[in-house]
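Structural characterization, general
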Amino acid sequence: MVDTLANTEINTQRIAAVESCFGASGQPLAMPGRVLVGEGILTKECRKKPKPRIFFLFTDILVYGSIVINKVRYNCQHIIPLEDITTEILPDSQDMKNRWMLKTSKKSFVVSAASYTERVEWIGHINECVNQLLKKTGQRRPTVHAAAWIPDKATDICMRCTETKFSTLTRRHHCRNCGFVVCQECSKYKFLIPFLSKKPSRVCVLCYRKLTSEKLSKDNEKEKTDLRFHTRAPQHEPSSDDDSEEDERTTQWPLTEEFYSTSWSAFHA
(Lines give C-alpha, C1' and ligand atoms only; values in the text may rest on other atoms or scores of the structure.)
Protein backbone atom coordinates (compact mmCIF):
# COMPACT_ATOMS: atom_id res chain seq x y z
CA MET A 1 0.00 0.00 0.00
CA VAL A 2 2.75 2.43 0.97
CA ASP A 3 4.79 1.67 -2.15
CA THR A 4 1.67 2.24 -4.26
CA LEU A 5 0.98 5.65 -2.69
CA ALA A 6 4.57 6.87 -2.80
CA ASN A 7 5.04 9.75 -5.25
CA THR A 8 1.32 9.81 -6.16
CA GLU A 9 -0.72 12.98 -6.53
CA ILE A 10 -3.12 12.16 -3.69
CA ASN A 11 -0.25 11.60 -1.26
CA THR A 12 1.38 14.85 -2.37
CA GLN A 13 -1.87 16.74 -1.79
CA ARG A 14 -2.39 15.26 1.66
CA ILE A 15 1.14 16.16 2.78
CA ALA A 16 0.73 19.67 1.34
CA ALA A 17 -2.48 20.05 3.38
CA VAL A 18 -0.60 19.18 6.58
CA GLU A 19 2.16 21.68 5.73
CA SER A 20 -0.49 24.33 5.09
CA CYS A 21 -2.08 23.76 8.51
CA PHE A 22 1.26 24.34 10.28
CA GLY A 23 2.00 27.39 8.14
CA ALA A 24 5.32 29.19 8.10
CA SER A 25 6.15 28.08 11.64
CA GLY A 26 6.37 24.43 10.55
CA GLN A 27 9.09 22.63 8.64
CA PRO A 28 8.55 21.31 5.08
CA LEU A 29 7.31 17.73 5.17
CA ALA A 30 7.28 16.74 1.48
CA MET A 31 10.05 14.34 0.54
CA PRO A 32 10.45 11.78 -2.26
CA GLY A 33 9.13 8.40 -1.14
CA ARG A 34 7.53 9.72 2.08
CA VAL A 35 3.91 8.66 2.61
CA LEU A 36 1.35 10.00 5.07
CA VAL A 37 0.00 6.82 6.67
CA GLY A 38 -2.50 8.20 9.20
CA GLU A 39 -3.52 11.02 11.48
CA GLY A 40 -5.55 11.59 14.60
CA ILE A 41 -5.94 13.36 17.92
CA LEU A 42 -4.29 11.92 21.03
CA THR A 43 -4.29 13.31 24.55
CA LYS A 44 -0.73 14.09 25.62
CA GLU A 45 0.20 14.05 29.30
CA CYS A 46 1.82 17.46 29.76
CA ARG A 47 3.52 18.98 32.76
CA LYS A 48 0.50 20.94 33.96
CA LYS A 49 -2.42 18.85 32.66
CA PRO A 50 -3.36 16.50 29.77
CA LYS A 51 -3.88 18.34 26.47
CA PRO A 52 -5.15 17.25 23.02
CA ARG A 53 -2.51 17.12 20.30
CA ILE A 54 -2.73 16.35 16.59
CA PHE A 55 -0.47 13.51 15.40
CA PHE A 56 0.57 12.61 11.84
CA LEU A 57 2.23 9.28 11.13
CA PHE A 58 4.51 9.17 8.07
CA THR A 59 6.60 6.26 6.85
CA ASP A 60 9.76 7.72 8.38
CA ILE A 61 8.69 10.37 10.92
CA LEU A 62 6.01 11.12 13.51
CA VAL A 63 4.80 14.73 13.59
CA TYR A 64 2.66 16.31 16.29
CA GLY A 65 1.58 19.78 17.30
CA SER A 66 -0.92 21.92 19.19
CA ILE A 67 -4.43 22.38 17.82
CA VAL A 68 -5.60 25.94 17.12
CA ILE A 69 -8.46 25.03 14.76
CA ASN A 70 -8.73 21.34 13.90
CA LYS A 71 -7.82 20.60 10.25
CA VAL A 72 -7.27 24.32 9.71
CA ARG A 73 -4.46 25.60 11.93
CA TYR A 74 -1.80 23.88 14.04
CA ASN A 75 1.35 25.19 15.72
CA CYS A 76 4.29 24.07 17.89
CA GLN A 77 5.34 21.42 15.37
CA HIS A 78 7.51 18.55 16.63
CA ILE A 79 9.16 15.97 14.38
CA ILE A 80 10.41 12.61 15.70
CA PRO A 81 12.39 10.17 13.50
CA LEU A 82 10.60 6.81 13.54
CA GLU A 83 13.80 4.82 14.01
CA ASP A 84 14.15 6.51 17.42
CA ILE A 85 10.68 5.51 18.65
CA THR A 86 9.73 2.66 20.96
CA THR A 87 6.17 2.17 22.24
CA GLU A 88 5.06 0.83 25.62
CA ILE A 89 1.50 0.12 26.83
CA LEU A 90 0.68 1.59 30.24
CA PRO A 91 -2.14 0.89 32.69
CA ASP A 92 -5.02 3.36 32.95
CA SER A 93 -4.75 6.21 35.43
CA GLN A 94 -7.48 8.14 37.19
CA ASP A 95 -7.41 10.91 34.57
CA MET A 96 -6.35 9.04 31.42
CA LYS A 97 -7.56 5.80 29.84
CA ASN A 98 -5.96 3.72 27.06
CA ARG A 99 -2.53 5.08 27.93
CA TRP A 100 0.75 4.27 26.22
CA MET A 101 4.20 5.81 26.04
CA LEU A 102 6.25 7.09 23.13
CA LYS A 103 9.89 6.62 24.13
CA THR A 104 12.78 8.31 22.30
CA SER A 105 16.37 9.18 23.14
CA LYS A 106 15.59 12.91 23.40
CA LYS A 107 12.13 12.93 24.94
CA SER A 108 9.59 10.41 26.20
CA PHE A 109 5.96 11.17 26.99
CA VAL A 110 2.61 9.51 27.72
CA VAL A 111 -0.41 9.74 25.42
CA SER A 112 -3.90 8.26 25.54
CA ALA A 113 -6.33 7.29 22.79
CA ALA A 114 -10.09 7.78 22.76
CA SER A 115 -10.67 4.01 22.85
CA TYR A 116 -8.87 0.72 23.28
CA THR A 117 -9.19 -0.04 19.55
CA GLU A 118 -7.64 3.26 18.55
CA ARG A 119 -4.69 2.63 20.86
CA VAL A 120 -4.15 -0.77 19.22
CA GLU A 121 -4.29 0.81 15.76
CA TRP A 122 -1.84 3.58 16.62
CA ILE A 123 0.70 1.26 18.23
CA GLY A 124 0.34 -1.33 15.47
CA HIS A 125 0.83 1.16 12.64
CA ILE A 126 3.78 2.87 14.33
CA ASN A 127 5.55 -0.43 15.03
CA GLU A 128 4.92 -1.62 11.47
CA CYS A 129 6.39 1.57 10.00
CA VAL A 130 9.36 1.39 12.38
CA ASN A 131 10.06 -2.25 11.48
CA GLN A 132 9.89 -1.51 7.75
CA LEU A 133 12.20 1.47 8.14
CA LEU A 134 14.76 -0.42 10.24
CA LYS A 135 14.67 -3.27 7.72
CA LYS A 136 15.56 -0.86 4.92
CA THR A 137 18.28 0.99 6.81
CA GLY A 138 19.74 -1.99 8.66
CA GLN A 139 19.61 -0.08 11.95
CA ARG A 140 18.49 -1.46 15.31
CA ARG A 141 15.94 -0.19 17.78
CA PRO A 142 17.45 2.17 20.38
CA THR A 143 18.05 0.73 23.83
CA VAL A 144 18.45 4.02 25.72
CA HIS A 145 15.50 6.38 26.16
CA ALA A 146 14.84 9.64 27.92
CA ALA A 147 12.72 9.43 31.07
CA ALA A 148 9.15 10.68 30.87
CA TRP A 149 8.49 13.61 33.20
CA ILE A 150 6.02 13.00 36.00
CA PRO A 151 3.25 15.67 35.88
CA ASP A 152 3.47 18.51 38.37
CA LYS A 153 0.11 17.71 39.95
CA ALA A 154 1.18 14.14 40.72
CA THR A 155 2.79 15.30 43.96
CA ASP A 156 2.70 18.27 46.37
CA ILE A 157 6.05 17.46 47.95
CA CYS A 158 9.56 16.76 46.66
CA MET A 159 9.82 13.15 45.51
CA ARG A 160 13.39 12.87 46.82
CA CYS A 161 13.58 14.51 50.24
CA THR A 162 9.79 14.09 50.81
CA GLU A 163 9.94 17.15 53.06
CA THR A 164 9.81 20.26 50.89
CA LYS A 165 6.25 21.31 50.02
CA PHE A 166 5.67 23.04 46.71
CA SER A 167 3.92 26.40 46.62
CA THR A 168 3.82 29.58 44.57
CA LEU A 169 7.25 30.51 45.90
CA THR A 170 8.71 27.01 46.01
CA ARG A 171 8.99 25.84 42.42
CA ARG A 172 8.86 22.33 41.05
CA HIS A 173 11.81 21.02 39.02
CA HIS A 174 12.27 17.82 37.01
CA CYS A 175 15.26 15.52 37.05
CA ARG A 176 16.26 14.92 33.42
CA ASN A 177 17.50 11.43 34.21
CA CYS A 178 14.56 9.92 36.14
CA GLY A 179 11.76 12.44 35.48
CA PHE A 180 10.90 12.89 39.18
CA VAL A 181 9.42 16.13 40.52
CA VAL A 182 11.98 17.57 42.93
CA CYS A 183 12.78 20.76 44.83
CA GLN A 184 15.61 23.19 44.16
CA GLU A 185 17.84 21.76 46.89
CA CYS A 186 17.43 18.20 45.62
CA SER A 187 18.16 19.20 42.00
CA LYS A 188 21.08 21.60 42.40
CA TYR A 189 23.45 19.33 40.47
CA LYS A 190 24.05 19.03 36.75
CA PHE A 191 25.45 16.14 34.77
CA LEU A 192 26.28 15.61 31.10
CA ILE A 193 23.87 13.07 29.58
CA PRO A 194 25.14 12.82 25.97
CA PHE A 195 21.99 11.39 24.36
CA LEU A 196 19.86 14.17 25.90
CA SER A 197 21.94 17.30 25.40
CA LYS A 198 25.40 18.59 24.61
CA LYS A 199 25.29 20.60 27.85
CA PRO A 200 25.02 19.31 31.45
CA SER A 201 21.39 18.77 32.47
CA ARG A 202 19.62 19.22 35.81
CA VAL A 203 19.52 15.98 37.80
CA CYS A 204 18.37 15.05 41.28
CA VAL A 205 20.76 14.15 44.11
CA LEU A 206 20.21 10.40 43.81
CA CYS A 207 20.75 10.33 40.03
CA TYR A 208 23.82 12.57 40.35
CA ARG A 209 25.43 10.10 42.75
CA LYS A 210 24.50 7.16 40.56
CA LEU A 211 25.71 8.77 37.32
CA THR A 212 28.93 9.99 38.95
CA SER A 213 29.64 6.53 40.32
CA GLU A 214 29.01 4.91 36.92
CA LYS A 215 31.29 7.42 35.19
CA LEU A 216 34.03 6.82 37.76
CA SER A 217 33.79 3.06 37.23
CA LYS A 218 34.01 3.47 33.44
CA ASP A 219 37.01 5.83 33.75
CA ASN A 220 38.80 3.37 36.05
CA GLU A 221 38.11 0.50 33.67
CA LYS A 222 39.41 2.55 30.74
CA GLU A 223 42.61 3.37 32.65
CA LYS A 224 43.16 -0.33 33.38
CA THR A 225 42.57 -1.23 29.73
CA ASP A 226 44.98 1.47 28.54
CA LEU A 227 47.58 0.34 31.07
CA ARG A 228 47.33 -3.29 29.95
CA PHE A 229 47.68 -2.22 26.32
CA HIS A 230 50.81 -0.15 26.93
CA THR A 231 52.32 -2.86 29.11
CA ARG A 232 51.87 -5.52 26.42
CA ALA A 233 52.98 -3.28 23.54
CA PRO A 234 56.41 -4.32 22.15
CA GLN A 235 59.29 -2.04 23.06
CA HIS A 236 61.68 -0.95 20.26
CA GLU A 237 65.16 0.45 20.56
CA PRO A 238 65.54 3.91 19.04
CA SER A 239 67.52 4.22 15.83
CA SER A 240 71.20 5.19 16.08
CA ASP A 241 72.36 8.67 15.17
CA ASP A 242 74.14 7.32 12.07
CA ASP A 243 70.99 5.66 10.82
CA SER A 244 69.00 8.82 11.43
CA GLU A 245 71.46 10.93 9.45
CA GLU A 246 71.48 8.41 6.62
CA ASP A 247 67.68 8.44 6.49
CA GLU A 248 67.67 12.21 6.29
CA ARG A 249 70.06 12.15 3.34
CA THR A 250 68.33 9.44 1.33
CA THR A 251 64.69 10.21 2.00
CA GLN A 252 63.13 12.59 -0.53
CA TRP A 253 59.87 14.27 0.59
CA PRO A 254 57.52 15.67 -2.14
CA LEU A 255 56.78 19.34 -2.06
CA THR A 256 53.76 19.65 -3.89
CA GLU A 257 -6.36 6.91 -2.62
CA GLU A 258 -8.95 8.63 -0.34
CA PHE A 259 -7.71 8.71 3.15
CA TYR A 260 -9.91 10.68 5.60
CA SER A 261 -12.92 9.01 7.27
CA THR A 262 -15.61 10.17 9.66
CA SER A 263 -13.74 8.79 12.69
CA TRP A 264 -11.33 10.83 14.80
CA SER A 265 -8.37 9.09 13.15
CA ALA A 266 -7.82 7.41 9.84
CA PHE A 267 -5.47 4.74 8.55
CA HIS A 268 -5.29 2.94 5.25
CA ALA A 269 -6.72 -0.54 5.46
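Please read all numbers here as calculations on a predicted model, not as lab measurements. (Residues numbered from 1 in each chain as written. Predicted model: local features only at pLDDT ≥ 70, side-chain atom pairs only at ≥ 80, totals over all residues. Heavy atoms only, no water.)

1. Re the layout of surface pockets
Here the second largest pocket is characterised by a volume of approximately 380 Å³. The wall of the second largest pocket is formed by 20 residues, among which Lys107, Ser108, Ala147, Ala148 and Trp149 lie closest to the centre. Those elements that place two or more of their residues in the lining of the second largest pocket are β1 (36-45) and β7 (109-112). Looking at the lining of the second largest pocket, its residues break down into 10 nonpolar, 4 polar and 6 charged. (1 Å grid on protein atoms, 1.4 Å probe; cavity = no way out; pocket = protein on both sides within 12 Å on 5 of 7 lines; lining within 4 Å. Points joined across faces, edges and corners; volume = space filled by probe spheres on them. Helix = DSSP H or I, 4+ residues; strand = E, 2+ residues; numbered from the N terminus. Nonpolar A, V, L, I, M, F, W, Y, C, P; charged D, E, K, R; others polar.)

2. Examining the pattern of salt bridges
One pass over the structure, following the stated rule, counts 9 salt bridges. Measuring nitrogen to oxygen at the nearest pair gives 3.1 Å for the salt bridge that ties Glu88 to Lys103. Here the residue Glu88 occupies a position in strand β5 (residues 86-89), and Lys103 occupies one in strand β6 (residues 99-103), the gap between them amounting to 15 residues. You can call Lys103 buried: its relative accessible area is 18%. One connected set of salt bridges, linked through shared partners, spans Arg47, Lys48 and Asp152. (Salt bridge = Lys/Arg side-chain N within 4 Å of Asp/Glu carboxyl O. Buried < 20%, exposed > 50% of the residue type's maximum accessible area, 1.4 Å probe, protein only.)

3. A few points about unusual backbone geometry
One non-glycine residue, Asn98, lies in the positive phi region at around 55°. Its location among the elements puts Asn98 in the loop between β5 and β6. Judged by relative accessible area, Asn98 falls into the buried class, the value being 13%. One non-glycine residue with positive phi stands out, namely Thr162, at about 55°.

4. A few points about the environment of Gln13
By secondary structure assignment, the location of Gln13 is in helix α2 (residues 9-22). Considered as a pair, Gln13 and Ala30 are 17 residues apart in the sequence and their alpha carbons are 9.7 Å apart.

5. A word on the packing of aromatic side chains
In this structure the tally under the stated criterion is 8 aromatic pairs. Between the aromatic rings of Tyr189 and Tyr208, the centroid separation amounts to 4.4 Å while the plane-to-plane angle is 10°, which identifies the pairing as stacked. On the criterion of sequence distance, the pair formed by Tyr189 in strand β10 (residues 189-191) and Tyr208 in helix α4 (residues 205-232) is long-range, its members being 19 residues apart. Taken together, a centroid distance of 6.4 Å and an interplanar angle of 80° make the contact between Phe191 and Tyr208 edge-to-face. Within this pair, whereas Phe191 is found in strand β10, its partner Tyr208 is found in helix α4, the two being separated by 17 residues in sequence. (Phe/Tyr/Trp six-rings, centres within 6.5 Å; stacked < 30°, edge-to-face > 60°.)

6. Some remarks on the nonpolar core
Formed by 21 residues in total, the largest nonpolar core has its most connected members in Phe55 and Trp100. Elements supplying a minimum of two residues to this core: β1, β2 (50-58), β3 (61-69), β6, β7 and α3 (116-137). Of the residues forming this core, the biggest block, 7 residues, is contributed by α3. In terms of nonpolar packing, the next biggest core, distinct from the first, is built from 17 residues, Ala146, Phe166, Val182 and Phe191 among them. (Core = buried A, V, L, I, M, F, W, Y, C linked by side-chain atoms within 4.5 Å.)

7. Quick look at the environment of Lys51
Within the secondary structure, Lys51 is located in strand β2. Sequence separation of Lys51 and Ile67 is 16 residues, and the distance between their C-alpha atoms is 9.6 Å.

8. Focus on the side chain of Thr86
Structurally, the position occupied by Thr86 is in strand β5. Thr86 gets classed as buried once you look at its relative accessible area, which sits at 16%. One polar contact links Thr86 to His145, side chain to side chain, over a distance of 3.1 Å. (Polar contact = N/O pair within 3.5 Å; in protein donor to acceptor, adjacent residues only side chain to side chain.)

9. Overview of the side chain of Lys103
A distance of 3.1 Å separates the side chain of Lys103 from the side chain of Glu88, its partner in a polar contact. Apart from the residues within four sequence positions on either side, Lys103 is in contact with Asp84, Ile85, Thr86, Glu88, Ser108 and His145. (Contact = heavy atoms within 4.5 Å.)

10. Concerning α3
Compared with an ideal rise of 1.5 Å per residue, which puts 22 residues at 32 Å, α3 spans 32 Å between its outermost C-alpha atoms and is within 8% of the ideal. Three or more residues of α3 are buried, namely Glu118, Arg119, Trp122, Ile123, Ile126, Cys129, Val130, Leu133 and Leu134. Taken end-on, α3 shows its buried residues confined to a sector of 135°, consistent with a single buried face. Opposite its buried face, α3 presents the exposed residues Tyr116, Lys135 and Lys136, each directed more than 90 degrees away. (Expected span 1.5 Å × (residues − 1). Arc of directions from axis to C-beta.)

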